[in-house]
Amino acid sequence: MSGGWSAILTYHSLDDSGSVISTPPSQFQRQMEFLASSGIPVLPLDQALDCPGSVAITFDDGFRNILDEALPALERHRFPATIFVVSGYCGRRNNWPGQGAGTPSLPWMSWPELAGLPALISVGAHTATHPNLMLLPASECEREMSECQTRIEQSLGRPVRWLAYPYGASSPEVRSLAGQHFDLAVGTVLRFLPAQWNPLDLPRIDTYYFRGWLSLERLFTRPGGLYLGARRLLREARSSVRRWRGPAPEYGV
Ligand SMILES: [Zn+2]
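Report follows, based on the coordinates. Note that residues are indexed from 1 along each chain, following the sequence as it is written. Whole-chain, interface and lining totals are the exception, using all residues; otherwise, since this is a predicted model, local features are given only for residues with pLDDT of at least 70 and side-chain atom pairs are given and counted only at 80 or more. Hydrogens are left out, water is left out, and the side-chain values use all remaining heavy atoms of the structure.

Moving on, we get to the packing of aromatic side chains. For any pair of aromatic rings, geometry is given as the distance between the ring centres together with the angle between the planes. Two aromatic rings from Phe, Tyr or Trp, using only the six-membered ring of Trp, form a pair when their centres are within 6.5 Å; if the ring planes differ by under 30 degrees the pair is stacked, by over 60 it is edge-to-face, and anything between is tilted. What the rule picks out here adds up to eight aromatic pairs. Both rings, one in Trp213 and one in Tyr227, keep their centres 5.1 Å apart while their planes meet at 45°; by these two values the pair is tilted. In this pair, Trp213 sits in the loop between strand E9 (205-206) and helix H8 (216-219) while Tyr227 sits in helix H9 (residues 222-245), placing the two residues 14 residues apart along the sequence. Each member of the aromatic cluster is reached from another via a ring pair, and the members are Tyr11, Phe28 and Phe59. In DSSP terms, a helix is any run of H or I states spanning at least four residues, a strand is any run of E spanning at least two, and both are numbered starting from the N terminus.

Where helix H7 (residues 172-179) is concerned, the buried positions are Val174, Arg175, Leu177 and Ala178. Each buried residue of H7 sits inside an arc of 160° when the element is viewed along its axis, so together they form one side. Relative to its buried face, H7 has exposed residues pointing more than 90 degrees away, namely Pro172 and Glu173. Contact partners of the buried residues in H7: helix H6 (138-156) and strand E7 (162-164). Accessible area is worked out with a 1.4 Å probe on protein chains only. A residue is then buried under 20% of its type maximum, exposed over 50%, and partly exposed in between. Think of the arc as the fan of directions from the helix axis to the C-beta atoms. Note on contacts: a residue pair qualifies if any of its non-hydrogen atoms lie within 4.5 Å across the two residues.

This part takes up the environment of Pro131. Checked against the element boundaries, Pro131 lands in the loop between strand E6 (121-125) and H6. Residues Pro131 and Leu234, 103 residues apart in the sequence, show an inter-C-alpha distance of 25 Å.

Quick look at the nonpolar core now. The definition of a nonpolar core used throughout is a set of buried Ala, Val, Leu, Ile, Met, Phe, Trp, Tyr and Cys residues joined through side-chain atoms within 4.5 Å. Among the nonpolar cores identified, the biggest contains 56 residues, and Leu35, Ile57, Phe59, Leu74 and Leu219 are the most heavily contacted of them. The element contributing the most residues to this core is H6, with five residues. What Ile57 contacts, discounting residues up to four positions off in sequence, is Leu9, Tyr11, Met32, Leu35, Val42, Leu74, Phe79, Pro80, Ala81 and Thr82. Counting residues in hydrophobic clusters, the runner-up holds 13 residues, among them Ile8, Leu45, Ala164 and Leu202.

Quick look at the pairing of E6 now. By the criterion of burial, E6 is predominantly enclosed, with four of the five residues buried. Pairs of strands are assigned from DSSP output, requiring at least two bridges between the strands. Sheet topology places strand E5 (residues 81-85) next to E6; five bridges connect them, and they run parallel. If you follow Ala81 over to E6, its bridge partner there is Ile121.

This part is about the coordination of the zinc ion. We call an atom a donor if it is N, O or S and sits within 2.8 Å of the metal, or 3.2 Å for Na, K and Ca. Water is not counted, so some sites may look partial. Note on the zinc ion: its protein donors are Asp61 (OD), His126 (NE2) and His130 (NE2). The metal-donor distances range over 2.1 to 2.2 Å. Read from N- to C-terminus, the donor residues coordinating the zinc ion fall into the pattern D-x64-H-x3-H. Here Asp61 is found in strand E4 (residues 55-61), whereas its partner His130 is found in the loop between E6 and H6, with 69 residues between them in sequence. Residue Asp61 is classed as buried on the basis of its relative accessible area, which comes to 0%. On the basis of relative accessibility, which here comes to 2%, the residue His130 falls in the buried class.

Our focus in this paragraph is unusual backbone geometry. Keep in mind that most residues, glycine aside, have a negative phi and that most peptide bonds are trans. We note that His130 has phi near 65°; this positive angle belongs to a residue other than glycine. Positive phi values are uncommon outside glycine, yet Tyr167 reaches one of about 60°. Residue placement: Tyr167 occurs in the loop between E7 and H7. Since its relative accessible area comes to 13%, Tyr167 is described here as buried.

See below:
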């Protein structure tokens, strides 16, 4: 087993393009069926932190295909989830500068669509324009966070207390600023939630890694946990090389 640790899962788009941000809808359905039959508690993000062995489901960016491809299954199983949205791109497409090559151009949910989400879906902040926060001056970094938070709260009438760092990129300075606005913030460090966790630096398991040998079913086995650890070490080694060579990787995959 996972050692009783919780897993925060990251999805982006549910489509069949095969891109790094895409999960096939049929695979998502199977994963939800597995969770439903496994008895693993699927909880809101904040509750999963206090319940060892649970799962929290998150979606980054706010793709519209979540409405058709994810919402029916989530509602059928009564699974809560969090969608982290980029406020400046709601109702538009994911065509911000620096978008990764091979990433499909897809529509995002509009403000009315976000307002119509059922109560079991939480909406979190993913900044105003999806920059790498580590590359911004502190004032710009804080503006990206607060502008997004305020826009969502004003548009939806719901408090926004959770943040996802674009590209999973954060530093002690960025996390300090995040702590002034949010209770929890998630990144892309590939691991289960450890026994001692930082609420502003929560790890997540990107479902991109469920394409090969590892699957959601295997994640909760001992070999699955060992495999995840090996992939994390490999990823951290590659990330070090990238930092030495140039810009941060897209989507943390
Ligand atoms: Zn993103």
